[in-house]
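Structural features, examined
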Amino acid sequence: MKNRRVSLIILTGVLLLVSVPVLAHHGTAAFDMNTLTTVKGTVTKFEFMNPHALIYVDVAGNKGEIEHWIAEESSNNHLSRSGWDKNTLKPGDQITLAGHRARNGAHVLEMQCSECSVTDSQGKVWPYQ
Amino acid sequence: MRNNNKLMTFILALMTAFAFSSVLRAQTAEQSGTTTSRATAPTVDLSGVWEANMPGLKWATYSFTPDIPSMTPWGKQRYLAVKPSYGPRSFADSTDYVNPTTGKDVGCLPPGVPRIYIQPFALEMIQTPGRVLQYFEFDHHVRQIFTDGRQHPKDPELTWMGDSIGWYEGDTFVVDTVGLNEKTWIDRGGLPHSDQLHVIEHIRRPNHDALEITITIDDPKAYTQTWSGYRNYKLEPTWNIKEFICADNGDYNKEFIEESGAYSPATPPKQKTKPAKPSK
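1. A few points about the overall build of chain B
When its secondary structure is counted, chain B shows three helices and ten strands. Secondary structure elements of chain B occur, N-terminal to C-terminal, as α-β-α-β-β-β-β-β-β-β-β-α-β. Within chain B, buried positions represent 35% of all 280 residues. A sequence separation of at least 24 residues applies to 56% of the contacts in chain B between residues at least 6 apart.

2. Details of the overall build of chain A
For chain A, the helix and strand inventory stands at two helices and eight strands. Along the chain direction, N to C, the helices and strands of chain A fall in the order β-α-β-β-β-α-β-β-β-β. Across chain A, contacts joining residues at least 24 apart in sequence account for 59% of those joining residues at least 6 apart.

3. Examining helix H3 (residues 250–258) of chain B
Three or more residues of H3 of chain B are buried, namely Tyr252, Asn253, Phe256 and Ile257 of chain B. Down the axis of H3 of chain B, the sector holding all buried residues measures 105 degrees, keeping them to one side. Opposite its buried face, H3 of chain B presents the exposed residues Gly250 and Asp251 of chain B, each directed more than 90 degrees away. Contacts made by the buried residues of H3 of chain B are with strand S3 (54–60) and strand S4 (65–72) of chain A.

4. Regarding the pairing of strand S4 (residues 142–146) of chain B
Residue and element names in this part refer to chain B. Side chains Arg143 and Ile145 project from S4 onto a buried face, and the interleaved Val142, Gln144 and Phe146 project onto a face without burial. Relative to S4, strand S3 (residues 131–136) is paired through five bridges, and the arrangement is antiparallel. Bridge pairing in S4 places leucine 133 opposite glutamine 144. Joining the antiparallel neighbours S3 and S4 is a turn of five residues, in which aspartate 139 adopts a positive phi near 60 degrees. Where S4 meets strand S5 (residues 163–169), two bridges bridge the pair, whose relative direction is parallel. Among the inter-strand pairings, isoleucine 145 is bridged to a residue of S5, identified as serine 164.

5. Focus on helix H2 (residues 73–81) of chain B
All names here are of chain B. Of all the positions in H2, only Gly75, Arg78 and Tyr79 are classed as buried. All buried residues of H2 project into a common sector of 105 degrees when viewed along the axis, lining one side. Opposite its buried face, H2 presents the exposed residues Pro73, Gln77, Leu80 and Ala81, each directed more than 90 degrees away.

6. Some points on unusual backbone geometry
In this chain, asparagine 50 of chain A is followed by proline 51 of chain A through a cis amide linkage whose omega measures 0 degrees. You can see proline 51 of chain A is positioned in the loop between strand S2 (35–47) and S3. Residue proline 114 of chain B is reached from valine 113 of chain B by a cis peptide bond, and omega for that bond is 5 degrees. Its location among the elements puts proline 114 of chain B in the loop between H2 and strand S2 (123–128). Residues other than glycine seldom take positive phi values, yet aspartate 139 of chain B does so here, at roughly 60 degrees.

7. Quick word on the environment of aspartate 248 of chain B
Residues and elements named next belong to chain B. With respect to the helices and strands, the residue aspartate 248 is situated in the loop between strand S9 (227–235) and H3. What makes aspartate 248 partly exposed here is the crowd of 15 C-beta atoms within 10 Å. Expressed as a C-alpha distance, the spacing of aspartate 248 and isoleucine 215, which sit 33 residues apart in the sequence, is 31 Å.

8. Focus: the sheet that holds strand S1 (residues 48–52) of chain B
Backbone-to-backbone hydrogen bonds join strands into a sheet, with any given pair of strands oriented parallel or antiparallel. Residue and element names in this part refer to chain B. With respect to topology, nine strands assemble into a closed barrel ordered S1-S2-S3-S4-S5-S6-S7-S8-S9, the strand pairing being mixed. Each strand axis lies, on average, 30 degrees off the axis of its neighbour in the sheet, ignoring direction. In this structure, S1 lies alongside S9, joined through three bridges in antiparallel fashion. Within S9, the position partnered with alanine 52 by the bridge is tyrosine 233.

9. With respect to the confidence of the model for chain B
All names here are of chain B. Here chain B averages 84 in pLDDT, and 79% of its residues register 70 or above. In the model, residues 267–280 has pLDDT below 50 throughout and makes 25 contacts with residues more than four positions away in sequence or in other chains. Overall fold confidence (pTM) sits at 0.79, and the ipTM for the predicted complex is 0.74.

10. Quick notes on the pairing of strand S7 (residues 198–207) of chain B
Residue and element names in this part refer to chain B. In terms of strand pairing, strand S6 (residues 172–178) meets S7 through six bridges, oriented antiparallel. Across the sheet, the residue bridging to aspartate 176 is isoleucine 200, located in S7. Two elements, S7 and strand S8 (residues 210–218), share eight bridges in a ladder whose sense is antiparallel. Opposite valine 199, over in S8, you have isoleucine 217 as the bridge partner. Following S7, the chain reverses through two residues before pairing antiparallel with S8.

11. So, the environment of glutamate 73 of chain A
All names here are of chain A. Structurally, glutamate 73 can be placed in the loop between S4 and helix H2 (76–80). Residues glutamate 73 and tyrosine 128, 55 residues apart in the sequence, show an inter-C-alpha distance of 7.9 Å. In this structure, glutamate 73 is in contact with His52, Ala53, Ile55, Leu79 and Met111, ignoring residues within four places of it in sequence.

12. So, the environment of tryptophan 50 of chain B
All names here are of chain B. Along the chain, tryptophan 50 falls in strand S1. The class of tryptophan 50 is buried, set by 24 C-beta atoms lying within 10 Å. The sequence separation of tryptophan 50 and leucine 211 amounts to 161 residues, and the corresponding C-alpha distance is 7.7 Å. The residues touching tryptophan 50, leaving out its near neighbours within four places in the chain, are Ala122, Leu123, Met125, Leu211, Tyr233, Lys234, Leu235 and Glu236.

Rules of the game
Residues numbered from 1 in each chain as written. Chains lettered and ligands numbered in written order. Predicted model: local features only at pLDDT ≥ 70, side-chain atom pairs only at ≥ 80, totals over all residues. Helix = DSSP H or I, 4+ residues; strand = E, 2+ residues; numbered from the N terminus. Buried ≥ 20, exposed ≤ 12 C-beta atoms within 10 Å, placed from the backbone. Contact = placed C-beta atoms within 7 Å. Arc of directions from axis to C-beta. Pairing = 2+ DSSP bridges. Axes fitted to C-alpha atoms, helices over the stretch in contact; angles between N-to-C directions. pLDDT = per-residue confidence, 0-100.

Okay, here's the thing in structure tokens:
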């Protein structure tokens, strides 16, 4: 039961003051860049592609439901230059994502910020690239 | 003696040939209006793959300057008519011609000059006789800067990249561009320009690992005065330009822009489709 619990931690702070500019394909107006949201879950799909890699994660909710989250990473061009490849994340991996959630409450994370990171199933932290 | 005469004749012939060739070059230059003070042969090595290096500067994600340049009424009207996704006027439902976040249009129109520098991908500088090529990783755009002494056409076709000529002044490569169409923005923040846009770039390599590009915008129809910005780069000696095909962005646009829900305020999050499975 404990493992099924939603692992959602919201850290509100003055992140704007420490953020490094996002080099995204599009802007971040749709995301709450003042709040860092951390999500733990199971990878269901990892698309290592341009213009942005997408990480699909299923997260167990408080009431036993599953939340389908999508996280937007940098492009595969940028990621591959810092050690990522198409096999870095695989379906079934238990990972933790720290990113900025969509302002409208959708289960979507913007991962392109200096404070954003992915912690893989081996505990390795992949910072934003 | 006969041999000496032959040698003298040969030398004279060579000198004549060189002189004639100079006249030809001068005539060609005159026809194209080139000034002799502009060096066409490279005086600085700019070659290599470069990555933007503007650490900690939020404005650098969308522009060449933190300031909003003073606009004419015409320029301001155009500025307020667009919906960029970056900068002081950023919209979640952006209609950016390169990266729209609304509708099903993939976008992918060329960023144009100078906005192409703002796209966050690598740039390769290639110096060849008579031309400098800029090979942009973003959608593999290639920009030609002619260094063969030619001038701009008197009435150039208006294009996305414009007509660029370049020359060397000491350690600086100067690029002069006109003939840009009105479909592009100066930057990702939606700064406008007219078909009178004249872009002057000064490109330097202050040290082996750094490239500095100062960009001057001269557009009296859109701005009350000429203004400048810059973009710094760092050398990436181990990088090659990688593939990036904007037209292949369909999967991303469908899955993230259209269906994730992040850009649809009225759409509830995708969730609660099945009960959770116990963790192993």
